Amino acid sequence: MKDLGTSSMVTIILAVLALLGAEAALWLSYFYAPVQITAGALFVVSPTPGVNTLNLYESHRIFFIHLPSAYATALCCGLCLVGGVMHLLSRSEKWDALTVSASEVGLLAGAITLLTGSFWADYAWGTGRIGSGWNWEPRLTTMLILWLAFAALLALRGAMPNVQARMKLTAVYGILVAPLYPLVQKAIEIGQVSHPRSFSDLLSAPEIGTTKQVATLGLLLAFGAAVALRYSANRLSFQLQKERAA
Amino acid sequence: MSSSAPSAFVAFKTLLRRELLVELRTRSLLTSMGLFALLEVVVVGLGVRALPSDETFHRFVPAVLWVCVLFAAVVGVNRSALADREKGLHAAFLLLPFDPALIYLARLSSAFVFLSVVEVLLVLASVPLLRLQIPQEPWMLAVAALTNIGVLAPGVLLASATSSARGSEALLTILLLPVVVVVFLGAVGATDALAAGLGLAGAKPYLLLLCICGAMFPALGLLLYGRLHEA
């Protein structure tokens, strides 16, 4: 159980750094990043290409949460892949715990990405009414699918009574889910393209770039701390089950 | 007399022949998959008969048919895995002296044949029932083949593992659909582009997506099937 103690230390350090990072990101996003009023390249977010009718004003501040959450979802996908492959190679329960923790945090990060994206899309692409911005274009849909895949991975844990079979299926499913994120990234290239291709397409002020970097670092640390916390909890829970069965 | 294990090709041929012969005798998979898909067409036909225009209806029908194919595939792979589990054949197969990946390949190939038969029946039934206009494009065959592989490859893999779980039918559906919705996106997009007369150029991004899934999922299945079932 020595490595459990180490992971608790890692969790505490990550949590403290995440708290500082999140505070800094919040302050920068409200008091440092300027109001976006330039209509320069804004047609990339307009449903009608070439029509510059939309100013973002204060709405772009939501990107400082949306974008890092999307990165965290990608990171969780990668962790599911690593946990799945390593579990099938080593049969160690610690890799199973990593896959489960990553999918739990991926579910949270994916939900934040979808919700913040939808709120903004309702303003930018829709009429302001809830749900009016959801246009079923490939990137939105594939992100929703990825979120459902994380939910499915957690659902299978409750349905498999055999521990070894459950761990193996979790590992295999973690590997199957992983290629979905690159597809989310590539999905922008097919079909309708309302979604901005990159952050810099949309906003170019240097203060916004700095805020984006700090917010990304702070929120990735926060999601990292959440993964570490869930990892410790999942390993303790497995240990408890083993001792009860013994 | 030689005691060596049969070659991979002979083993695959024997396993595939067994799958096809069992189905020819019982016809249980084709009956359940075919009836399920036809019932879906009838229910959808009833539900959408009041759609405003023919144009909307014609764009809607291919997507509906792909949904029917998707669910027919789920029914097929699940029934096949459950039948083997109930008869104890699944464990017996794993004792055979060859690579478990060959069992996976034989299952995938037989499921591909069955789903293709169901698709032909579905298209024939949809011409009068849903006023389906079949796209006169040879590329549609490639779309159908790649979609079948993309859906069945993870389906066969996951069904073999979930057949022992509580509520395996629901669990397989929950696990499989998020993985294969990407294939569904490619199938619907490519069909839409080909039906609109855009040709290969219009369908290219979707065909590329189907090619990626059609190569990646069987490769993962071959790699993981043995690992999933080793003691």
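Treat the numbers as computed from the prediction; the structure is a model and nothing was measured. As a convention, each chain's residues are numbered from 1 in the sequence order in which they are written. Written order determines the labels here, with chains lettered from A and ligands numbered from 1. Under the rules for a predicted model, residues below a pLDDT of 70 receive no local features and side-chain atom pairs below 80 are neither given nor counted, while totals for whole chains, interfaces and linings still include all residues.

## Brief notes about the overall build of chain B
Phase 1: The helix and strand tally for chain B stands at eight helices and zero strands.
Phase 2: Runs of E in the DSSP output that reach at least two residues are strands. Runs of H or I that reach at least four are helices, and both are numbered from the N terminus. Ordered by position in the sequence, the α and β elements of chain B form the string α-α-α-α-α-α-α-α.
Phase 3: What the globule rule says is 2.2 Å times the number of residues to the power 0.38, and the radius of gyration is computed from C-alpha atoms. Taken over the C-alpha trace, chain B has a radius of gyration of 19 Å; the compact-globule value for 231 residues is 17 Å, and the two agree within 12%.
Phase 4: Residues are called buried when their C-beta atom has 20 or more other C-beta atoms within 10 Å, exposed when it has 12 or fewer, and partly exposed otherwise; all C-beta atoms are positioned from the backbone. When the 231 residues of chain B are sorted by exposure, 42% land in the buried category.
Phase 5: A pair of residues counts as a contact when their C-beta atoms, built from backbone coordinates, are within 7 Å of each other. The long-range fraction of contacts in chain B, counting pairs at least 24 apart against all pairs at least 6 apart in sequence, stands at 84%.

## As for the overall build of chain A
Phase 1: Each helix and strand counted, chain A has eight helices and zero strands in total.
Phase 2: Shown N-terminal to C-terminal, the secondary structure of chain A runs as helices and strands in the order α-α-α-α-α-α-α-α.
Phase 3: Once local pairs closer than 6 in sequence are excluded, the contacts in chain A between residues at least 24 apart make up 77%.

## A closer look at the interface of chain B and chain A
When the parts of a complex come together, some accessible area is lost, and that lost area is often used as the size of the interface.
Phase 1: Contacts between the two partners involve 23 residues from chain B and, on the opposite side, 26 residues from chain A.
Phase 2: Looking at the side of chain B that touches chain A, the elements that each hand over two or more residues are helix H6 (139-162), helix H7 (168-195) and helix H8 (199-229) of chain B.
Phase 3: With nine residues, the single largest contributor to the side of chain B that touches chain A is H7(B).

## Comments concerning the nonpolar core
Inside soluble globular proteins, nonpolar side chains tend to come together where they are buried.
Phase 1: A:Leu180, B:Leu152 and B:Leu210 are the most contacted members of the largest nonpolar core, which has 128 residues in total.
Phase 2: By residue number, the principal contributor to this core is H7(B), which donates 16 residues.
Phase 3: Apart from the residues within four sequence positions on either side, A:Leu180 is in contact with A:Cys77, A:Thr142, A:Ile145, A:Leu146, A:Ala149 and B:Val182. By convention the nonpolar core is taken to be a set of buried residues drawn from Ala, Val, Leu, Ile, Met, Phe, Trp, Tyr and Cys and joined through C-beta atoms within 7 Å.

## Quick notes on the confidence of the model for chain A
All names here are of chain A.
Phase 1: Confidence in the prediction for chain A averages 82 pLDDT; 80% of positions are at 70 or higher.
Phase 2: On a range of 0 to 100, pLDDT expresses the predictor's confidence in each residue. Confidence scores differ between elements of chain A, with helix H7 (residues 199-202) showing the lowest mean pLDDT of 58 and helix H2 (residues 63-90) the highest of 93.
Phase 3: Counted against residues more than four places away or in other chains, residues 39-47, with its pLDDT under 50, gives 23 contacts.

## Quick look at unusual backbone geometry
Phase 1: Positive phi, close to 65 degrees, is recorded for A:Arg91, a residue that is not glycine.
Phase 2: Owing to 15 C-beta atoms within 10 Å, A:Arg91 belongs among the partly exposed residues under this scheme.
Phase 3: For B:Arg27, which is not glycine, the phi dihedral falls at a positive 50 degrees.
Phase 4: Mapped onto the elements of the fold, B:Arg27 is located in the loop between helix H1 (8-26) and helix H2 (28-48).

## A closer look at the environment of A:Ala121
Residues and elements named next belong to chain A.
Phase 1: Summarising the element assignment, Ala121 is placed in helix H3 (residues 93-124).
Phase 2: By the C-beta count within 10 Å, which is 21 here, Ala121 ends up buried.
Phase 3: For the pair Ala121 and Gly133, spaced 12 residues apart in sequence, the C-alpha to C-alpha distance is 4.6 Å.
Phase 4: Once you skip the residues sitting within four places of it in the chain, Ala121 turns out to touch Gly126, Gly133 and Trp134.

## Details of the confidence of the model for chain B
Phase 1: Chain-level pLDDT for chain B is 87 on average; 94% of the residues reach the 70-or-more range.
Phase 2: Interface confidence in the predicted complex, given as ipTM, is 0.85; pTM for the same model is 0.85.

## Side note on the packing of helix H5 (residues 163-177) of chain A against H8(B)
What describes two packed helices is the angle between their axes and the distance between those same axes.
Phase 1: Angles run from 0 to 180 degrees between N-to-C directions of axes, and those axes are lines fitted to C-alpha atoms, restricted for helices to the stretch in contact. Where H5(A) contacts H8(B), the two axes come as close as 10 Å, and the packing angle between them is 170 degrees. The angle between the axes of H5(A) and H8(B) places the two elements in the roughly antiparallel class. Judged by residue contacts, A:Lys168, A:Val172, A:Ile175 and A:Leu176 of H5(A) engage B:Leu220, B:Leu224 and B:Leu228 from H8(B). Each angle receives one of four descriptions, namely roughly parallel if under 35 degrees, roughly antiparallel if over 145, roughly perpendicular if within 65 to 115, and oblique otherwise.

## Description of H2(B)
Residues and elements named next belong to chain B.
Phase 1: By this rule, a helix spans an expected 1.5 Å times one less than how many residues it contains. Along its 21 residues, H2 runs 30 Å from first to last C-alpha, staying within 8% of the 30 Å computed at 1.5 Å per residue.
Phase 2: Every buried residue belonging to H2 is among Leu29, Met33, Gly34, Ala37 and Val41, and all of these are buried. For H2, the angular spread of the buried residues around the axis is 110 degrees, confining them to a single face. Looking at H2, the residues exposed on the side facing more than 90 degrees away from the buried face are Thr31, Leu39, Val42, Val43, Leu46 and Gly47. Of all possible arcs, the one meant is that of the directions from the helix axis to the C-beta atoms.

## Notes on the packing of H2(A) against H3(A)
Residue and element names in this part refer to chain A.
Phase 1: Remark: H2 packs on H3, axes separated minimally by 7 Å, with the N-to-C direction vectors making an angle of 160 degrees. The orientation of H2 with respect to H3, classified from their angle, is roughly antiparallel. Relative to H3, H2 is oriented so that their crossing is left-handed.
Phase 2: Note that Gly is not counted as nonpolar here; it falls among the polar residues with everything else outside the nonpolar set of Ala, Val, Leu, Ile, Met, Phe, Trp, Tyr, Cys and Pro and the charged set of Asp, Glu, Lys and Arg. Considering only residue class, the contact of H2 with H3 consists of 15 nonpolar, 14 polar and one charged. Whether a crossing is left-handed or right-handed is set by the direction in which the near helix is turned from the far one by less than a right angle, anticlockwise for left-handed and clockwise for right-handed.

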